[in-house]
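Coordinates in review
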Amino acid sequence: MTEPVAAALRLPRFTAAAVQAAPVFLDTAATVDKAVALIHEAAGHGASLVVFPEVFVPGYPYWNWTMNPVQGSPWFERLYRASVDVPGPYVDTLRVAARRAGVVLVIGVNERGPHSLGALYNTLLVIDADGELIGKHRKLVPTWAEKLTWTPGDGSTLRVHRTALGPLGALACGENTNPLARFALLAQGELVHAAAYIALPVAPADYDMAEAIALRAAAHCFEGKVFTVVACSALSPGIAEAIAGDDPRVREQLARPRSALSGVFGPDGRPVTEPLVDEEGIVYAGIDLGRCVQPKQMHDIVGHYNRFDVFRLHVDNRPLRPLTLDDQHPPKEEE
């Protein structure tokens with residue numbers, strides 16, 4: 001007897017963990033060790049998906065917001081030296097941790113460009129539960145002052161990854177306000193969205209970062225009828241001390257409340273459980289992808305609720321390279 005279509009459709013249920021934590025600032029080994037411990041802690045609480053903040057390894061360049069470019073230049077070098085290669089030994093450590101814990105892992109790193117000492121990427125790694133690095137996403141556009149640190153990514157990393165937990169996509173911080181980037185993931189079948197952020201106490205005075213994160217997550221969930229796992233970094237006293245030094249103005253700025261929010265949001269745009277604001281911790285929530293079906297009947301913006309004869313989105317998914325060598329005509333060796 002043929003198996004009914006409904007019985008063959010697999011829409012997983014699982015527990016997701018959103019990690020809100022501070023890195024050991026610019027200490028790569030210690031930060032990776034902290035990440036490994038948090039991965040196992042989350043797995044011990046039943047999590048099958050663990051999402052970490054943006055550039056968790058080894059931290060965020062807050063000096064871009066508090067110093068002029070000349071003052072911040074030595075800090076760029078410190079960050080570059082502490083950043084990771086992909087692939088590389090620190091990534092291997094994270095892969096082993098994901099495999100041993102049996103979790104799908106999304107974690108942000110500062111990635112060194114392989115071709116230039118001036119190229120750093122804001123990169124999200126996606127590691128499957130078997131420990132395989134199945135994808136990385138480089139932030140397409142560094143936000144505002146971040147342009148002093150990061151090189152833009154390209155469309156080759158704007159992809160949805162097929163995992164045992166469902167189709168998963170990931171964007172970093174301000175990319176979650178980009179409707180075209182978000183649509184590109186939804187149109188590839190995304191049902192689980194990982195949104196990675198950093199605590200941003202250096203925003204304008206009238207900007208509530210916690211509220212902004214929640215609004216973005218709700219918008220993507222409601223528009224796409226998907227789940228979003230939001231992981232935001234916390235800002236530790238050690239980070240504030242390193243950046244502020246003896247400047248009381250900067251110290252006060254970095255102590256600003258409501259600079260971070262982590263949690264899980266459902267396909268109706270509402271939080272699945274109470275989000276965590278500012279403090280370090282892990283938010284756990286159950287995800288049932290079956291909840292994505294009925295809302296799609298009302299508004300399916302990548303299906304029946306769109307007009308592809310009117311609107312078209314073209315994504316150039318070719319990787320950008322600084323140089324193309326014509327190997328068909330190599331230079332002749334001198335005699």
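Everything that follows concerns the structure shown earlier in this document.
Residues numbered from 1 in each chain as written. Predicted model: local features only at pLDDT ≥ 70, side-chain atom pairs only at ≥ 80, totals over all residues. Heavy atoms only, no water.

**Digging into the side chain of Thr-157**
Assignment of secondary structure puts Thr-157 in the loop between β5 (133-138) and β6 (161-163). A relative accessible area of 10% places Thr-157 in the buried class. Reaching out from Thr-157, the side chain makes a polar contact with the side chain of His-137 at a distance of 3.0 Å. Ignoring anything within four residues of it in the chain, the contact list for Thr-157 reads Lys-136, His-137 and Arg-138. (Helix = DSSP H or I, 4+ residues; strand = E, 2+ residues; numbered from the N terminus. Buried < 20%, exposed > 50% of the residue type's maximum accessible area, 1.4 Å probe, protein only. Polar contact = N/O pair within 3.5 Å; in protein donor to acceptor, adjacent residues only side chain to side chain. Contact = heavy atoms within 4.5 Å.)

**Observations concerning the sheet that holds strand β11 (residues 276-277)**
Read across the open sheet, the six strands follow the order β6-β7-β8-β9-β10-β11; overall the sheet is mixed. Each edge of the open sheet carries a strand with a single partner, namely β6 and β11. Where β6 and strand β7 (residues 166-172) come together, three bridges link them in antiparallel fashion. Bridge assignment links His-161 to a residue of β7, and that residue is Leu-168. Packed on one face of the sheet, helix α6 (residues 179-186) meets β7 and β8 (192-197) and runs near 165° to β7. (Pairing = 2+ DSSP bridges. Axes fitted to C-alpha atoms, helices over the stretch in contact; angles between N-to-C directions.)

**Thoughts on empty space enclosed by the protein**
Here the idea is plain: a probe the size of a water molecule rolls over the atoms and shows the empty space left. In total, this model carries two cavities of 30 Å³ or more according to the counting rule given. A volume near 50 Å³ is recorded for the largest cavity. Here the residues of the lining of the largest cavity sort into seven nonpolar, two polar and one charged. Of the pockets and cavities examined, the second largest cavity occupies roughly 30 Å³. (1 Å grid on protein atoms, 1.4 Å probe; cavity = no way out; pocket = protein on both sides within 12 Å on 5 of 7 lines; lining within 4 Å. Points joined across faces, edges and corners; volume = space filled by probe spheres on them. Nonpolar A, V, L, I, M, F, W, Y, C, P; charged D, E, K, R; others polar.)

**A closer look at helix α5 (residues 89-101)**
A rise of 1.5 Å per residue sets the reference length of α5, with its 13 residues, at 18 Å; its end C-alpha atoms lie 18 Å apart and thus fit the reference within 8%. Considered for burial, the residues of α5 that qualify are Val-91, Leu-94, Ala-97, Ala-98 and Ala-101. Projected onto a plane normal to the axis of α5, the buried residues spread over an arc of 120° and lie on a single side. Projecting away from the buried face of α5 at angles above 90 degrees are the exposed residues Pro-89 and Arg-100. Where α5 is buried, its residues touch α2 (28-44), β3 (104-112), β4 (120-127) and β5. Downstream of α5 by a residue or two, Gly-102 has a phi angle that is positive, lying close to 70°. (Expected span 1.5 Å × (residues − 1). Arc of directions from axis to C-beta.)

**A closer look at unusual backbone geometry**
Residue Pro-58 is reached from Val-57 by a cis peptide bond, and omega for that bond is -10°. The residue Pro-58 is located in the loop between β2 (49-51) and α3 (63-66) in this model. In this structure, the amide linkage connecting Val-86 to the following residue, Pro-87, adopts the cis form with an omega of 0°. Mapped onto the elements of the fold, Pro-87 is located in the loop between α4 (69-82) and α5. Despite not being glycine, Trp-144 has its phi angle at roughly 55°, a positive value. Relative to the elements of secondary structure, Trp-144 occurs in the loop between β5 and β6. Within the chain, Arg-258 stands out as a residue other than glycine whose phi angle is a positive 60°. Relative to the assigned elements, Arg-258 resides in the loop between α9 (248-254) and β10 (261-265).

**Things to note about the nonpolar core**
Formed by 41 residues in total, the largest nonpolar core has its most connected members in Tyr-60, Tyr-197, Leu-200 and Ile-243. Sort the elements by how many residues they give to this core and helix α7 (residues 209-224) lands first, with five residues. The next biggest cluster of nonpolar side chains, apart from the first, holds 29 residues, and it includes Phe-14, Ala-16, Ala-285 and Leu-289. (Core = buried A, V, L, I, M, F, W, Y, C linked by side-chain atoms within 4.5 Å.)

**Here's the deal with a nonpolar patch on the surface**
Taken together, Leu-180, Leu-313 and Val-315 make up a surface patch of nonpolar side chains, about 240 Å² in accessible area. Position of Leu-180 among the secondary structure elements: in helix α6. Overall, Leu-180 belongs to the exposed group, its relative accessible area being 54%. (Patch = residues over 30% accessible without salt bridge, like charges linked within 9 Å, V, L, I, M, F, W, Y side chains within 5 Å. Areas by Shrake-Rupley, 256 points an atom, 1.4 Å probe, with all protein chains shown as cover. Salt bridge = Lys/Arg side-chain N within 4 Å of Asp/Glu carboxyl O.)

**Regarding the sheet that holds β3**
What the six strands build is an open sheet, ordered β5-β4-β3-β2-β1-β12; its pairing is mixed. Single-partner strands in this sheet number two, and they are β5 and β12 (281-288). The sheet shows a mean angle of 25° between the axes of neighbouring strands, taken without regard to direction. The pairing of strand β1 (residues 13-20) with β2 spans three bridges and is parallel.

The values are spatial; any link to function lies outside them.
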